[in-house]
2 protein chains.
Amino acid sequence: MRAEQKERTRLALIAEARRLFAARGYADVGLSEITAAAGVTKGALYHQFDGKVALFRAVLEAVHREIADRVVAAAEGDPWAAFVAGCQAFLTATTDPALQRILLVDGPAVLGWAEWRAFDEATSAFHLEEALTGLMRLGLLPERPAAPLTRLLSGAMNEAALWLATEPSALDDTRRALTELLESLRCR
Amino acid sequence: MRAEQKERTRLALIAEARRLFAARGYADVGLSEITAAAGVTKGALYHQFDGKVALFRAVLEAVHREIADRVVAAAEGDPWAAFVAGCQAFLTATTDPALQRILLVDGPAVLGWAEWRAFDEATSAFHLEEALTGLMRLGLLPERPAAPLTRLLSGAMNEAALWLATEPSALDDTRRALTELLESLRCR
DNA sequence: CAATTGACATACCGTCGGTATGCGAAATAG
DNA sequence: CTATTTCGCATACCGACGGTATGTCAATTG
């Protein structure tokens, strides 16, 4: 079958690109290196993707999907507990160095902020804002515009994850700080 | 005087680079464009800086200094009011599109997260953490490790600023949300 | 089985960041 | 006031990279 060979090539390119981008960053990895690792040539890459940026976009999609899956899987229990667990799962996921650089460092720079936000909107931020409005409806959070709060919390978790990359010993303290931050917002 | 001509060249390069980086991003601006705008050639640039990254570093330093100045200037009143005013000033400063892309988007990607944090540590994060520990000593904030909280708040403000770039109408709501977030942390 | 498609390889191009070298004016010495 | 040195900068060049045009051969199709 021709289509499955194509898909195998595509997945190999995405996988190798993701590995290399995560390790050394978008700018420091050449296409030749990616194609060599995937066992194809530049022709194959350009047959599958519109260019280096398009390849990165595909990699970022995969990363986003993975994070969303992890967060959804972790969010269980009563509404408030599920919310906190989801946030903690997000922190854990974005602490993973294999995801971090692609998602939080190179993502905005390569795609530009506008497109990066569109990705984020479709996954993390969307779920977070949904969760926040849900908690407000249940009376667990004071009613207020959800969008700004979504950004504040999303940014807090992103930055905390990045900081943890250089300060891994602070993981427990950061988890606690995040929980306390969320609890302090809760209706009492 | 020869030294002042050198300084003029240097400042012109930094100014033009800053303008172009802010408008279109680090990767999309070539050295030829910068040098042309500054009225010199690539030889002059390489005489003053070690390369494109070093030039960006000088630009980022200027941006950091400017933000720190604005924040310090805004932080006045009693300790808690000064703290909130400083945070709001930071949000305002990083909402400025001329600073935003350089500081928050390209900065981490170009310098790598480690070096970017070193810059941030020397200015924003340093002041923020200092302010937080000061507030704890005064009993205005519950005692807790300041470093993780610093990161959470710093990230919250950064992300909020970036979000505001695409949603300027939410400025007031975001200011309120930030104030409420800070107030919710306060000892009562 | 001929014709066609399409997945991929190869060769090539323009541009970019970076380097080596040369020039000319300002600074300094005699 | 001239000779010499210094040094800020221009010019010419290089290798590497992203991207494109073209060629090739196996899988598909009628």
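Residues numbered from 1 in each chain as written. Chains lettered and ligands numbered in written order. Predicted model: local features only at pLDDT ≥ 70, side-chain atom pairs only at ≥ 80, totals over all residues. Heavy atoms only, no water.

## Things to note about the packing of aromatic side chains
Within the structure shown, the criterion is met by ten aromatic pairs over all chains. Taking 5.4 Å as the distance between ring centres and 55 degrees as the angle between the ring planes, the aromatic pair formed by W80 of chain B and F83 of chain B counts as tilted. With W80 of chain B and F83 of chain B both in helix α5 (residues 79–95) and three residues apart, the pair spans about one turn of that helix. Judged on exposure class, the residue W80 of chain B and its partner F83 of chain B are both buried. Relative to W116 of chain B, the ring of W113 of chain B lies with its centre 5.1 Å away and its plane at 25 degrees, an arrangement referred to as stacked. Within this pair, W113 of chain B and its partner W116 of chain B are both found in helix α6 (residues 97–137), separated by three residues, close to a single helical turn. Each member of the pair, W113 of chain B together with W116 of chain B, is buried. Feature note: the residues F21, Y26 and F56 of chain A constitute an aromatic cluster, connected by ring pairs. One residue, K52 of chain A, lies across the ring of Y26 of chain A, its end atom 4.2 Å from the ring centre. (Phe/Tyr/Trp six-rings, centres within 6.5 Å; stacked < 30°, edge-to-face > 60°. Helix = DSSP H or I, 4+ residues; strand = E, 2+ residues; numbered from the N terminus. Buried < 20%, exposed > 50% of the residue type's maximum accessible area, 1.4 Å probe, protein only. Lys NZ or Arg CZ within 6 Å of the ring centre and 35° of its normal.)

## Side note on the protein's contact with DNA strand D
Around DNA strand D sit 19 residues, and of these K42 and Y46 of chain A together with R2, T9 and T41 of chain B come closest. Within 4 Å of the protein, the contacting atoms of DNA strand D are 59% sugar and phosphate, with bases supplying the remainder. One nitrogen or oxygen atom from the main chain of K52 of chain A is found 2.9 Å from a phosphate oxygen belonging to DNA strand D. The contact in question runs from a phosphate oxygen of DNA strand D to an N or O atom on the side chain of Q48 of chain B, over 2.8 Å. Mapped by element, the contributors of at least two residues to the surface near DNA strand D are α3 (42–48) of chain A together with α1 (2–24) and α3 (42–48) of chain B. Of the residues contributing to the surface near DNA strand D, the split by class is six nonpolar, eight polar and five charged. (Near = heavy atom within 4 Å. Polar contact = N/O pair within 3.5 Å; in protein donor to acceptor, adjacent residues only side chain to side chain. Nonpolar A, V, L, I, M, F, W, Y, C, P; charged D, E, K, R; others polar.)

## Some details on the nonpolar core
Within the largest apolar cluster, 126 residues are counted, with the highest numbers of intra-cluster contacts made by I34, F83 and L153 of chain A together with I34, F83 and L153 of chain B. Sequence-distant contacts of L153 of chain A, defined by excluding residues within four places in its chain, comprise F83, L128, L132, L181, L182 and L185 of chain A. (Core = buried A, V, L, I, M, F, W, Y, C linked by side-chain atoms within 4.5 Å. Contact = heavy atoms within 4.5 Å.)

## Points about the protein's contact with DNA strand C
In the neighbourhood of DNA strand C, 19 residues make up the surrounding shell, with T9, T41 and H47 of chain A together with K42 and Y46 of chain B lying closest. Among atoms of DNA strand C positioned within 4 Å of the protein, sugar and phosphate together represent 57%. The separation between a phosphate oxygen of DNA strand C and a polar side-chain atom of T9 of chain A is 2.6 Å. Contacts to DNA strand C include H47 of chain A, whose side-chain N or O atom sits 2.7 Å from a phosphate oxygen. Elements with a contribution of two residues or more to the surface near DNA strand C: α1 (2–24) and α3 of chain A together with α3 of chain B. In terms of residue class, the surface near DNA strand C is built from six nonpolar, eight polar and five charged.

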